[in-house]
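This is what each chain is made of:
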Number of protein chains: 2
Amino acid sequence: MVLPGITQIREAIDAELLEFTKARSSELNAIDSELAPVAKALSDFVTDGGKRFRPIFAYLGYLGPGSTPNQNFLKACAALELVHVCALIHDDVMDGSDSRRNKPALHKHFEDLHKKNSYKGEPSKFGVAAAILLGDLALSWSDQMISESGISNLDASRAAPIFHEMRAELMAGQYLDVLEGSIAKFDLERSRKIARYKSGKYSIERPLQFGASLAGESKELHKVFSNYGLPLGEAFQLRDDILGVFGDSAITGKPSGDDIREGKRTVLMALTASRLSAADHSTLTAALGNPNLDSSQVAQIQQLVKDSGALDQCEALIEQLLNEALNSLKHPALDAEVTTKLNEMAVAATKRKS
Amino acid sequence: MVLPGITQIREAIDAELLEFTKARSSELNAIDSELAPVAKALSDFVTDGGKRFRPIFAYLGYLGPGSTPNQNFLKACAALELVHVCALIHDDVMDGSDSRRNKPALHKHFEDLHKKNSYKGEPSKFGVAAAILLGDLALSWSDQMISESGISNLDASRAAPIFHEMRAELMAGQYLDVLEGSIAKFDLERSRKIARYKSGKYSIERPLQFGASLAGESKELHKVFSNYGLPLGEAFQLRDDILGVFGDSAITGKPSGDDIREGKRTVLMALTASRLSAADHSTLTAALGNPNLDSSQVAQIQQLVKDSGALDQCEALIEQLLNEALNSLKHPALDAEVTTKLNEMAVAATKRKS
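The paragraphs below set out a description of the structure included in this document.

Definitions and limits used
- Here the residue index of a chain counts from 1 through its sequence in written order.
- Chain letters and ligand numbers both follow the written order, the letters beginning at A and the numbers at 1.
- Only residues with pLDDT of 70 or above have their local features reported here, since the model is predicted, and side-chain atom pairs are shown and tallied only from 80 upward, although totals for entire chains, interfaces and linings are computed over all residues.
- Excluding hydrogens and water, the side-chain figures rest on all heavy atoms present in the structure.
- The numbering of helices and of strands both runs from the N terminus, where a helix is a DSSP run of H or I of at least 4 residues and a strand a run of E of at least 2.
- Think of it in three bands: with a 1.4 Å probe and only protein chains considered, a residue is buried below 20% of the maximum accessible area for its type, exposed above 50%, and partly exposed in between.
- Contacts are assigned to residue pairs with any non-hydrogen atoms lying within 4.5 Å of each other.
- We define buried area as the total accessible area lost by two parts upon association, computed with a 1.4 Å probe and summed across both.
- Each salt bridge in this description consists of a side-chain nitrogen of Lys or Arg and a carboxyl oxygen of Asp or Glu lying within 4 Å of one another.
- Side-chain atoms alone can form a polar contact between residues adjacent in sequence; in general such a contact is a pair of N or O atoms within 3.5 Å, and within protein one must be able to donate a hydrogen while the other accepts it.
- Expected helix span is taken as 1.5 Å per residue step, with the number of steps being one fewer than the number of residues.
- The directions from the helix axis to the C-beta atoms are what the arc is built from.
- Only residues with pLDDT of at least 70 in both copies contribute their C-alpha atoms to the least-squares superposition of the copies.

## Observations regarding unusual backbone geometry
The bulk of non-glycine residues show a negative phi, and the bulk of peptide bonds are trans. Backbone geometry at S118 of chain A places phi at a positive 50°, although glycine is not the residue there. Structurally, S118 of chain A is set in the loop between α6 (106-116) and α7 (123-147). The phi dihedral of R101 of chain B is positive, around 50°, even though this residue is not glycine. As for its position among the elements, R101 of chain B is in the loop between β1 (99-100) and β2 (103-104). Residue classification places R101 of chain B among the partly exposed positions, given a relative accessible area of 29%.

## Brief notes about the interface of chain A and chain B
On the side of chain B, 53 residues touch chain A, which itself brings 53 residues to the contact. In this assembly, chain A packs against chain B so that about 4,800 Å² is buried in total across both faces, 67% of it on carbon and sulfur atoms. It is K120, L133 and Y175 of chain A that lose the most area in chain A upon contact with chain B, and together they represent 15% of the buried surface on that side. At the junction of chain A and chain B, the tally comes to six salt bridges. Across the salt bridge formed by R167 of chain A and D143 of chain B, the nearest N and O atoms sit 2.6 Å from each other. Joining chain A to chain B, the criterion identifies 16 residue pairs in polar contact (both at pLDDT 80 or more). For the side of chain A that touches chain B, the secondary structure elements donating two or more residues are α1 (6-31), α5 (80-95), α6, α7, α8 (153-183) and α9 (188-214) of chain A.

## Some words on helix α17 (residues 336-351) of chain A
Residues and elements named next belong to chain A. With 16 residues, α17 extends 23 Å between its outermost C-alpha atoms, agreeing within 8% with the 22 Å of an ideal straight helix rising 1.5 Å per residue. For α17, the complete set of buried residues consists of V338, T339, K341, L342, M345, A346, A349 and T350. Taken down its axis, α17 places every buried residue within 165° of arc, on the same side. In α17, the exposed residues that point more than 90 degrees away from the buried face are A336 and T340. Elements that come into contact with the buried residues of α17 comprise α1, α3 (53-63), α9, α10 (219-246) and α16 (310-328).

## Some details on the relation of the copies chain A and chain B
With an RMSD of 0.0 Å, chain A superimposes on chain B once it is rotated by 180° and translated 0.0 Å along the axis. Such a turn and shift between the copies fits a two-fold axis. Identified as the residue of chain A closest to the rotation axis by C-alpha distance is N153 of chain A, at 2.9 Å. Comparing interface residues between copies, 100% of those in chain A also sit at the interface in chain B, which points to an isologous, same-surface contact.

This is the structure we're talking about:
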């Protein structure tokens, strides 16, 4: 069977998300006209960009055992994007990040709405409240989209345990990430563990297993997807670490060096720290978490990371993890075409520029 | 059939919530020992107090058509409490409320943890991040608890549309509430509409309909539950308004006059404003939303509300709405014993002191 290409799958997911958010927007507008900005902001956020990695992985997981392409299952897989939308909206609130995809973050958007309308009270407080609620709404929508996808109750119930595990692991990973930034030590093993939860499990392994469970496939493919997803997820996160320090803001949609200002304790930073002299180590520690760093100070840290050899080491680690992931795909239980597509996804996830 | 009493139902719900959160806590602790404070804080929040109005209403909705008491259905109904836990945790973040049930609010609890451990960064930022994530986790758990309750997929799928509607209406109602506080006008009709969404629908009508849908009952009882739930919910919210201004902090667990300091645009405040002289109106407007009001200033506003006659009017309105709710229960489709219990619940919801 000839399966649709990744781009086609992505476009089909986009179309499903558009249709779903349109229906939800009408309902919100029917409750009260004052909800129009909520409906519009959340729909725009969902439909405007996004790489759709998790829904694509989920759908490839569904196709993995050789299943026939199916619009309803694709819809159920697209629902994972709504979990991610919640995570992104709430993450920006927690980090105090003001922009996302070159546009104001959602809490900023509502802060601006408050100012424009000269409402009473703190604009930033209003923005945060709106963003918390919209994230909650997106999280609720994720269930709704699965349950209205048209797949049978039995099929949905098979994937439910993975779906619940995935969301709990996401929240757990996020908490550990915030905690790590607060403990503010360089701990390579901890950073790798968090990368495993935040990306390996949440972004790749669980979506693939979610899809496979929808298709009724459990034991064998689940193991293949773990062996593929965990190293690839770590590689994905390492790429994120690199982009968070060296990324081109015009492509990432985030200010360059954002991770330095936020003081993220990433694997890249742990590798760097372990390779620095005492003096350079102090420079790094002082810069991490300083929100007021200017571009020359950011450039200084970028240079430190490069000169220490940590950047090269990180790239080598990505390469090694990528190969590990690709090797794990050589398994008879996995459809040959899906194998090719998962190869493609692995390369896209680790070579990306945003 | 002799049905269990409200107290028995509440205790059974408590037991189910305890068991569910214990299982989730073990899972979190298995992911990482650093998650122990998360597991403990969220379990404590879920199991420590709470009136369990929504699960009780849901279970009474299930029993409404004459269903046999059933532990699995009770478990599914108990899941509604987890939605409420998310709403409370996030609400305290949005309002900046520092206490809940005479204990630190969850974001305060994690702020304190940050201070105690001398972590790096802003303690309040850490507290807010933890509370956002724990609320998200509770919201995810609500689905999981339904899906693991042991009821059939078919039964669960029947109640799913109501469950999704309920959560969307909750978020919508919360947003309108925040917006109303920011627009900061006195608008009786708007305030009543928000009360209808926040309490009528979310706390009573939808839980009852959720339960009835679990039992396979749709059209007829749904209408009865709307006619009961909407006026009762409004009465419930009016009681909240009164407690928010006059409540005894030792019983409510919130500082007395908290709604005044937060500047909530409640029905009680709209009624008061419409009855004041220009001078008193200015006093009220200046006080609403001032976080630094001392107890004598709070007492002055309490006096204004009383002297204006708004408190009496609000009590009369509660009485009228309560009677409307009770009258709607006289319907042949509703089990006689359940009718008695819904009478009892209506009185409890409107005469409560916390």
